[in-house]
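What follows is each chain in one-letter form.
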Amino acid sequence: MKNVGSATSLRRSAGMLALALVTGCGGSEGQNGDDNGPLYAITTQVLIADPVDSYVIVTDQAEQTASLSLDNAVRVSGRALGVGIPKSGAVYVVSDESATVTRYTLTNAGGLEPTGTVSFDSLGVTSLGEYQANFQFVSETKAYFFDGATAQVVVWNPKEMKVTGHIALDALMIPDTVMAFSGAAIRRDGQVLMPVGWRPVSGVGITPKAGVVSIDTETDEPTIATDDRCGYTHDAAVGPDGKVYLATEAYGAAVRRVVGEEAPAPCLLRFDPETRTFDPAFYRTLEELVGGGTAGTLVPGPERTAYVRVLDETIAPVLEGTHPRTIASGTGWQWWELELDTLAATQKTSFPATSGSVFLFESQNQTLYTEFGEGAASTTLRVLEDNGKPTVTTEGLSFSFLQLR
């Protein structure tokens, strides 16, 4: 989630706290006849509204072709996320307009009811946003919130709904830059590995620095590693060698396309989770891996693979004055499959070209990815293992998804 707004209080719409299942295509009920079947909370941000509102939709249709209604959804002021532990029966709703987390619990009737709040404002946090991955749930009694604005990790108890501590990350602060944590954290061997990226406060550019914060989930001890060979490495995937591969995301690639060699080349780095260091001998540009062109983003794929996104300018031409954010969020990005052991890349023509921003969500039987429609008007979820087969579509941008049961 980008460019979050100012802090005000979180608002809920009265009368929408009891949340019914939404209506699918053709007016048929979202209920599939199985009262104990999978249910999902999809939170969508309707950016074209003024003021901006978000909606938490409960549905059983994540793996079906359907169009979801907002009629019975919980309304939240601002740009919201719904986070939590999968299949736990609860979703924690946050917004860029406050530092308050509101827990909603699934009722026997398939609705949601608020069952507690906690605020992080005592630690100087004013906004809860960016990405679903900024919230990492270690257990039912311990969770982290990675806050880029204050360069810290808030430690809190989701069961008791209280703050229990914080982890300062002052070393991440670089003058005249905006620091942001990734939407693609890695959980591995008792660690949370969180990629970090920087960009200048003003102008169009990418700071030539990559970073990874490693948090030991037992001790809360942080380790910070940085590398100056690359920039905006917000995307990560685990390779067959157990190493973590980090790549420049689509926005960083779009900046390079607009600015040219003044911006760092989009690249692939390798990080060792055991030593918590970057491999100084490993560096590849994404352009060379795909045989040329504007390349960015690394999406974890089937075993031993990941996907790189390559801009197709026959679909999405880059015009003079086009902002990199417009390029990154446009729909002209093709899929290339990258073998992480050999680094051989092959275009996947069976995948439709989609927007450069991609988030992965896990449903009961599938891995889904986001396709954002033109003008931030809609989100379609597609099946990663089935060449991008479409499932549900919602109004607005959906940056978060959680299986409730």
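Cut-offs applied
Residues numbered from 1 in each chain as written. Predicted model: local features only at pLDDT ≥ 70, side-chain atom pairs only at ≥ 80, totals over all residues. Heavy atoms only, no water. Pairing = 2+ DSSP bridges. Helix = DSSP H or I, 4+ residues; strand = E, 2+ residues; numbered from the N terminus. Axes fitted to C-alpha atoms, helices over the stretch in contact; angles between N-to-C directions. Disulfide = S-S within 2.5 Å. Buried < 20%, exposed > 50% of the residue type's maximum accessible area, 1.4 Å probe, protein only. Salt bridge = Lys/Arg side-chain N within 4 Å of Asp/Glu carboxyl O. Domains from an automatic or database assignment. Contact = heavy atoms within 4.5 Å. Buried area = accessible area lost by both parts, 1.4 Å probe. Polar contact = N/O pair within 3.5 Å; in protein donor to acceptor, adjacent residues only side chain to side chain. Nonpolar A, V, L, I, M, F, W, Y, C, P; charged D, E, K, R; others polar. Core = buried A, V, L, I, M, F, W, Y, C linked by side-chain atoms within 4.5 Å.

Participant: Mind laying out the sheet that holds strand β8 (residues 112-119), listing which residues take part and the relevant values?
Facilitator: Strand order in the open sheet formed by four strands is β5-β6-β7-β8, and the pairing between neighbours is antiparallel. Where the open sheet ends on each side, the last strands, each with one partner, are β5 (80-83) and β8. Between one strand and the next, the sheet's axes are offset by a mean angle of 25°, whatever the strand orientation.

Participant: So, the state of the cysteines: which residues are in play, and what are the values?
Facilitator: Counting across every chain of the model gives one disulfide. A disulfide bridge connects Cys 230 with Cys 267, and the sulfur atoms are separated by 1.8 Å. Judged by the torsion about the S-S bond (-135°), the Cys 230/Cys 267 disulfide is left-handed. One end of the pair, Cys 230, is in the loop between β17 (222-227) and β18 (235-238); the other, Cys 267, is in strand β20 (residues 267-272), with 37 residues separating them in the sequence. Neither Cys 230 nor Cys 267 differs from the other in exposure class; each is buried.

Participant: Quick one: what's the story with the sheet that holds strand β4 (residues 74-77), residue by residue and with numbers?
Facilitator: If you trace the four strands from one edge of the open sheet to the other, you get β4-β2-β1-β31, paired in antiparallel fashion. Looking along the sheet, the strands with just one partner apiece sit at the ends: β4 and β31 (397-403). Here the strands of the sheet are splayed against their neighbours by 20° on average, with no regard to which way each runs.

Participant: Before we move on, can you summarise the pattern of salt bridges with the specific residues and values?
Facilitator: Applying the stated criterion to the full structure yields 11 salt bridges. A salt bridge links Arg 270 to Asp 279, with the nearest nitrogen and oxygen atoms 2.8 Å apart. The class for Asp 279 is partly exposed, based on a relative accessible area of 21%. Because the salt bridges share partners, they merge into one network encompassing Asp 241, Arg 270 and Asp 279.

Participant: Help me get a handle on the domain arrangement of the protein chain, residues and values and all.
Facilitator: Under the domain assignment used here, the protein chain contains domain 1 (39-168 + 386-404) and domain 2 (176-358). For domain 1 and domain 2, the distance between their C-alpha centres works out to 25 Å. Each partner contributes to the interface: domain 1 provides 18 residues, whereas domain 2 provides 21 residues. Both faces considered, domain 1 and domain 2 share a buried interface measuring about 1,500 Å² in area, 62% of it formed by carbon and sulfur atoms. The residue Asp 220 makes a salt bridge to Lys 142 at a minimum N-O spacing of 2.7 Å. Summed over the shared surface of domain 1 and domain 2, the result is six residue pairs in polar contact (both at pLDDT 80 or more). Ranked by residue count, the leading element in the side of domain 1 that touches domain 2 is strand β10 (residues 142-147), at four residues. Considered class by class, the residues forming the side of domain 1 that touches domain 2 number 10 nonpolar, six polar and two charged.

Participant: Break down unusual backbone geometry for me, with residues and values.
Facilitator: For the bond running from Asp 50 to Pro 51, omega is 5°, close enough to zero to count as cis. Looking at the element boundaries, Pro 51 is found in the loop between β1 (40-46) and β2 (53-59). For Ala 151, which is not glycine, the phi dihedral falls at a positive 50°. For Ala 151, the position within the fold is in the loop between β10 and β11 (152-157). You will see that Asp 189, though not glycine, has its phi angle at about 50°, which is positive. Among the secondary structure elements, Asp 189 is positioned in the loop between β14 (186-188) and β15 (191-200). On the basis of relative accessibility, which here comes to 67%, the residue Asp 189 falls in the exposed class.

Participant: Please provide a residue-by-residue account of the nonpolar core, values included.
Facilitator: In this structure, Val 101, Phe 120, Phe 135 and Trp 156 are the most contacted members of the largest nonpolar core, which totals 39 residues. Contact partners of Val 101, with chain neighbours within four places excluded, come to Tyr 92, Val 93, Val 94, Gly 116, Thr 117, Val 118, Phe 120, Leu 128, Phe 135, Trp 156 and Met 161.

Participant: Any details on the pairing of strand β6 (residues 90-95)? Residues and values, ideally.
Facilitator: For a regular strand, side-chain orientation follows a simple rule: the groups alternate between the two sheet faces. Counted residue by residue, β6 has six buried out of six residues, so it is predominantly covered. Of the two faces of β6, both are covered, the one formed by Ala 90, Tyr 92 and Val 94 as well as the one formed by Val 91, Val 93 and Ser 95. Pairing geometry for β5 and β6, over four bridges, is antiparallel. Pairing of Ala 80 across the sheet is with Ser 95, part of β6. Across four bridges, β6 lies against strand β7 (residues 100-106) in antiparallel orientation. The residue of β7 that forms the bridge with Ala 90 is Thr 105. Remark: four residues form the turn of the hairpin made by β6 and β7, two consecutive strands paired antiparallel.

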